[in-house]
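Descriptive structure summary
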Amino acid sequence: MADSGQFTGDGESSATTSVSEGTAKSNISRRGFLRGAGITAASTALIDGVQLLHREAAAETIKGNAHVRELGPGPVPVTLNVNGTEHVVQIEPRTTLADALRTHLGMTGTKVVCDHGACSGCTVTLDKVPVNSCMTLAIEVGSRRIGTIEGIAQNGQLHPLQVAFVKHDAMQCGFCTPGMVMSCSALLERNPKPTLADVKKAVSGNLCRCATYPKVFAATLEAAGVAPEKSIS
Amino acid sequence: MATHLDTALDPLVQAAAAAAPAKPEKHTVMMPIGVPGYTLRTEAREVPVSEPPVLAVNSELEFIGKPTERWDAHYKVSGQAKYTADIQLPGMLYGRFLNASVPHAKVLSVDVSAAEKYPGVKSVLVIERVLGNAELRDPKLETPSRYPIVRYAGQPIAAVAATSAHIADEAVKLIMVTYEEMPFVTDQLSARKTDSPQVYPGAADQAGSAGGGGGPHGVPQTGNVHGPSINKKGGDIEQGFKDADVIVEGRYVTQVQTHSALETHGVVADWKPGMLTVWASTQGTGSVREEFAQYFKLPKTQVRVITEYMGGGFGAKFGAGNPGVVAAQLSQKAGAPVRLMLDRKEEHLSVGNRPDADQIIRIGAKKDGTLTAIQLESFGTAGCGTGAGCAGPATNMYKYAALHTAENDVFTNGGPAAAFRAPGHPQGAFALEQAIDELAIKLAIEPLDLRDRIDENSVRRVERQVVRESALWKSRNPVAGADSGPVKRGVGMAQSVWYRFISMNSSAEVLVHRDGSLEVRSAVQDLGTGIKTVLAQILAEEYGVPPAKIAVRIGDTNYPVGPDSGGSVTTASLTPAVRDAAWQAKKKFLAEIAPAYGTTADDLQIVKGEVRSKSGKMQPVSFQRAAGKMKVDSVSAQARRIPDYDRSKYETYGGVSVVEVNVDTETGRILIPRVLAVHDCGRPMNPTQVISQINGGTIQGISYTLYEQRHLDPNTGLMVNPNLEQYKIAGSRDIPELQVHLVESYIGQSSTDASGIGEAAGIVAVGAAIGNAFFNATGYRMRRMPMVPSEVLAALGKVPQGGLKA
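The present account deals with the structure reproduced in this document. (Residues numbered from 1 in each chain as written. Chains lettered and ligands numbered in written order. Predicted model: local features only at pLDDT ≥ 70, side-chain atom pairs only at ≥ 80, totals over all residues. Heavy atoms only, no water.)

**Observations concerning the interface of chain A and chain B**
At the interface, 57 residues of chain A touch 70 residues of chain B. In this assembly, chain A packs against chain B so that about 5,300 Å² is buried in total across both faces, 56% of it on carbon and sulfur atoms. Our count for the chain A to chain B interface comes out at 5 salt bridges. Close ionic contact of Asp86 of chain B with Lys111 of chain A constitutes a salt bridge, the shortest N to O distance being 2.5 Å. Our count for the contact surface shared by chain A and chain B stands at 28 residue pairs in polar contact (both at pLDDT 80 or more). (Contact = heavy atoms within 4.5 Å. Buried area = accessible area lost by both parts, 1.4 Å probe. Salt bridge = Lys/Arg side-chain N within 4 Å of Asp/Glu carboxyl O. Polar contact = N/O pair within 3.5 Å; in protein donor to acceptor, adjacent residues only side chain to side chain.)

Printed below as a string of structure tokens:
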């Protein structure tokens, strides 16, 4: 099964990466966190680096090392800037960003599919960089601006990328669609004139079991004003 | 026809047909028949006088058959579509299963005391009856116990409902299970041996579902081998082979594939006195209600099932299932709604898969290609279920003098299979269509020409002509293995076959409101196939109103009964009922407004969104303005599916897939640059969505053929890749340049003359087409899936079968 064809090892890895790989602001990931702290009911979050701490949370106990603060295991207040609006949520430190969005903020457009960072169904952006929200702890987001599928349309008007998705029927069951839109909109932000190969790379982490990929490619290229490449006849 | 599907669907059809009104008055109408541009003509059909006028071919229509935006697309692209996994109710609890950690065992005790005391836990349940597994014909062969025997690792044993998902996760870990482990077997070849551990101590059978699947009942069983189920057609098989000038024979081996829908199985169950409300990720709201009502002995009036959106099923999502039944019980105990969605691992283990297959096919033919005999013996494992038969293509694709098939299910300690997109057919076609390719080469007849001689299906004949004229087929070098370099290019084709199944459980209501708004209601669910859009198009065509303006209310058993979406039945079954209801509601509407215009309903018609008088008694007015003349708020009509007009004119559906491969004979990698998929599904209602499904079926077929495989560790019985990183499905960089050619065809069977495409779309033929392209590229036959490099190199004779041993 290793002979997949998805991994090409070509320079830039999949555009959707977990925070631990994708940004410099944090050096913990959900996996790393769980490995370090152990999975127990009473697990506490050991956070190295005070810049990650929420203002209110900073009032928590400081033990010994001034750079190590202990949160939890109970809920702590965390401020999340989602689509330009600040929300304060009371969440346990182990809460993923996906869970915070879906369960605590009722923003269910973000989907959890594999819960392992393997399918990109839960893609959101942190300061415009796509990340897997199932692999990102809500408490590690800090002040970064979170972009979700609910924020792509503006004032009730679909984004041109979404319009192109509708036009090209770039969806079937629709469960992967929010993640696809997030990956493709982030691509267009950083590369307004992508090639087909660029689009394929941008969604190389996004799995679609209905296999709507060809239409995702066509929609994204059209939204970018790039003519789809020739088809066979 | 495929026997396993007959048994699954026919009782439904017959029961409904028996209840239909007897002998309606009929008249003769002329209907379009055949393929426009090739074989289009008209034929007479006797149809009930209550039927709407004959629908013209697509080119003459305004909305039906036109590329149409998906009705709910804007909800899906904006994250507003609410799936079962998204439902949050006040006070809702989170359910979680505890699953067996061993593949075969008696459960001696289940201690839930710690879980019950865990803060936040509201109800705990020990499961006393597991759904989905086969059941012993003689239950007395096993000692009675309150705990079901564990037949596979991952079988649910107990469950909790708690105030958060975290608490539920923690609480199930506190449940203590003691097992008396039993010997187990996880691979089909071992399970067939006489000294293998037994999954069941005697003969066992599994029920099917509305999606097909399940296996034959009452067949012989020896050890783990449930079968054979034998089918003979035509003359004597031995005589058939004696009459043959050429015989080809081959053994073809395929693997277990899991459905891997992105939304897992699950429900939200809200048990209140007098009403159980269930949100379900399902392919059949009716099937879910049916199973809940039966299991809990509730009247159907006290079970409501809602499926507004669902994230893929591919055949595995019917009925309440273990998640449904358990969530309802947890809800009843806790007095609060419970959401129980499986996690990804459970989705791989416990709710279905496509059985593997080990087939030996033997075909005899005369020099001119005439088939004298087809013989197929198959073994396949559906885990602790049945339904691994794969003789459908061999039985139904071609004409032959004699057929003999023997299908065997082999029980193993794996999760039970479920119907999966064209059950049995991708496996069966992988063998049949490669054998036919081999035959063509032996007979020195071009593969398309050979099929023209042996395939009586008139639409596939057209499809082969489309293929013959395509640039891709023309680029094929008929000499196999002609490329001199290490990367060899080949082109191959194969055909698919599927059937016209009709569910008579197909009804709809159409309402016309006084403000001119229009509404259609049916309990049917939209799996992402796009039935919502199709229903809107039907009303649009009758009333001249754009589809986006039609209100489509589906996925709720409060509406008229809809078909369960399995076997590609939905479009064929429901669209005629919807058109009939739209037509009848229109007649009621015209009668309602006629007096206001000083005329009668017979004088009025709706043309291009206007109400017009045939006699000129009134100036044309817009439909909306005319609706304002209604004396009541709304008029409505409900209609049900009537039987097909003429079953004697039955034809199968299918298609032809053409694949280009580049085989790297040094690394064993197969790349697929291009695919041409030529398919038919009767009248395409919305070509946009049909093409989406053909893309999907084709790519799912490539994924199955090249990558996917459920790996069960023979030493532990555990699945080693129950995730989406090691269970590899096709991703963006695996996608070929894919061209779909839709062949429109008319058969004169209903008021819409439409059919579904889900099963026939690609997945049946693609594996064999890749196999035939591989032969064309290399001169070697690839008889195993998945075609990973070790298997490719083995087929090329470069490494031993199964890869190099350390």
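**Looking at the pattern of salt bridges**
Residues and elements named next belong to chain B. With the rule as written, the count across this model stands at 50 salt bridges over all chains. For Asp72, the salt bridge is made with Lys532, and the minimal N-O distance between the two is 2.9 Å. Remark: Lys532 occurs in helix α15 (residues 531-543) and Asp72 occurs in the loop between β2 (41-48) and α2 (73-77); sequence separation between them is 460 residues. On the basis of relative accessible area, Lys532 is assigned to the buried category, the value being 4%. Taken together, the shared-partner salt bridges connect Asp449, Asp452, Asp455, Arg460, Arg461, Arg464 and Arg468 into one network. (Helix = DSSP H or I, 4+ residues; strand = E, 2+ residues; numbered from the N terminus. Buried < 20%, exposed > 50% of the residue type's maximum accessible area, 1.4 Å probe, protein only.)

**Concerning the sheet that holds strand β17 (residues 357-365) of chain B**
All names here are of chain B. Here we have 6 strands laid out as an open sheet, ordered β10-β11-β19-β18-β17-β12, and mixed in their pairing. Each edge of the open sheet is held by one strand with a lone partner, namely β10 (221-222) and β12 (246-254). Sheet topology note: the β17/strand β18 (residues 371-380) ladder contains 8 bridges and is antiparallel. The residue of β18 that forms the bridge with Ala365 is Leu371. Along the sheet, helix α11 (residues 425-443) makes contact with β12, β17 and β18, crossing β12 at roughly 150°. (Pairing = 2+ DSSP bridges. Axes fitted to C-alpha atoms, helices over the stretch in contact; angles between N-to-C directions.)

**Regarding the state of the cysteines**
What is meant by a disulfide is a covalent connection between two cysteines, made through their sulfur atoms. Here the structure, examined in full by the defined rule, presents 0 disulfides over all chains. Here Cys208 of chain A stays free of any disulfide, with the sulfur of Cys176 of chain A as its closest cysteine sulfur at 3.7 Å. (Disulfide = S-S within 2.5 Å.)

**Remarks on the packing of aromatic side chains**
Residues and elements named next belong to chain B. Within this structure, the stated rule accounts for 12 aromatic pairs over all chains. Taking 5.6 Å as the distance between ring centres and 45° as the angle between the ring planes, the aromatic pair formed by Tyr83 and Tyr309 counts as tilted. Residue Tyr83 is located in the loop between α2 and β3 (93-99), and its partner Tyr309 is located in the loop between β15 (303-306) and α8 (321-334); the two are separated by 226 residues in the primary sequence. Given a relative accessible area of 5%, Tyr309 falls into the buried group. Taken together, a centroid distance of 5.0 Å and an interplanar angle of 65° make the contact between Tyr295 and Phe296 edge-to-face. Here a set of aromatic residues connected by ring pairs shows up, and it is made of Trp271, Phe292, Tyr295 and Phe296. Here the guanidinium or amino end of Arg192 rests over the ring plane of Phe379, the centre of that ring lying 3.8 Å away. (Phe/Tyr/Trp six-rings, centres within 6.5 Å; stacked < 30°, edge-to-face > 60°. Lys NZ or Arg CZ within 6 Å of the ring centre and 35° of its normal.)

**Topic: helix α3 (residues 97-104) of chain A**
Residues and elements named next belong to chain A. Taken together, the buried positions of α3 are occupied by Leu97, Ala98, Ala100, Leu101 and Arg102. Next to the buried residues of α3 lie β3 (76-82), β5 (123-126) and β7 (145-147). Backbone geometry just after α3 places Gly106 at a positive phi near 65°.

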